[in-house]
Amino acid sequence: MNKLILLFLFIVSMVPATNDDDCSAVYNRATYALSHSKKALKAHNFDHQVYYSGKTLEAYKKIADGMKACDCKNAAELILDITMDAKKAADPVDWARGRYYSKKVYLNTQELITILDLWAESHE
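Residues numbered from 1 in each chain as written. Predicted model: local features only at pLDDT ≥ 70, side-chain atom pairs only at ≥ 80, totals over all residues. Heavy atoms only, no water.

In this section: the overall build of the protein chain. Scanning the protein chain from terminus to terminus reveals five helices and zero strands. The proportion of buried residues among the 124 residues of the protein chain is 36%. Carbon and sulfur atoms make up 58% of the accessible area of the protein chain, which amounts to about 8100 Å² in all. (Helix = DSSP H or I, 4+ residues; strand = E, 2+ residues; numbered from the N terminus. Buried < 20%, exposed > 50% of the residue type's maximum accessible area, 1.4 Å probe, protein only. Areas by Shrake-Rupley, 256 points an atom, 1.4 Å probe, with all protein chains shown as cover.)

So, on to the packing of helix α3 (residues 46–67) against helix α4 (residues 73–90). Between α3 and α4, the least distance of the axes is 9 Å, while the angle of their chain directions is 155 degrees. The orientation of α3 relative to α4 falls into the category roughly antiparallel. When you trace α3 past α4, the crossing you get is left-handed. For the pair formed by α3 and α4, the contact residues are Gln-49, Val-50, Ser-53, Gly-54, Leu-57, Tyr-60, Ile-63 and Met-67 on the first element and Ala-75, Ala-76, Ile-79, Ile-82, Thr-83, Ala-86, Lys-87, Ala-89 and Ala-90 on the second. (Axes fitted to C-alpha atoms, helices over the stretch in contact; angles between N-to-C directions. Parallel < 35°, antiparallel > 145°, perpendicular 65-115°, else oblique. Left-handed = near helix turned anticlockwise from the far one by under 90°. Contact = heavy atoms within 4.5 Å.)

Moving on to the side chain of Ser-53. Position of Ser-53 among the secondary structure elements: in helix α3. Taking the relative accessible area as the measure of exposure, Ser-53 reaches 3% and is therefore buried. Every residue in contact with Ser-53, bar those within four places of it in the chain, is listed here: Ala-40, Ala-86, Ala-89, Ala-90 and Ser-102.

Moving on to the nonpolar core. Judged by nonpolar contacts, the single largest core of 26 residues is most densely connected at Tyr-60, Ile-63, Met-67, Cys-72, Ala-75 and Leu-112. Of all the secondary structure elements, the ones that give two or more residues to this core are α2 (19–42), α3, α4 and α5 (95–122). Not counting chain neighbours up to four residues away, the residues in contact with Cys-72 comprise Met-67, Ile-115, Leu-116 and Trp-119. (Core = buried A, V, L, I, M, F, W, Y, C linked by side-chain atoms within 4.5 Å.)

What follows covers the pattern of salt bridges. Following the criterion strictly, the structure yields two salt bridges and no others. Here Asp-65 makes a salt bridge to Lys-68, at a shortest N to O gap of 3.6 Å. The closest approach of N and O atoms between Lys-104 and Asp-85, which form a salt bridge, is 3.7 Å. One end of the pair, Lys-104, is in helix α5; the other, Asp-85, is in helix α4, with 19 residues separating them in the sequence. (Salt bridge = Lys/Arg side-chain N within 4 Å of Asp/Glu carboxyl O.)

Put into structure tokens, the structure is as follows:
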């Protein structure tokens, strides 16, 4: 009986995700990016700031992939803008420039999460 349950759970996990699930994944990745951008802002040295900004950039690459299956159009342009800023934060000219772009990414990620919240609320 347990083997049947495990087999059933395995088969169900293989079913393609719906748009709601994809948008949930985008939301989860955005909160992950927010966490790393906050760590980049709180970093006390250049290397840590660059490291966490790089993690934020990785999260935004995954967010962009997830947006292909999510129909929250209001977020698409903001995601592109944040990704460009995340690239600049991950490879800054100097400490001050890295912090500037890290702060910009952090604030815009908060805005992105708000947009995704409003979108999810309107599609319940």
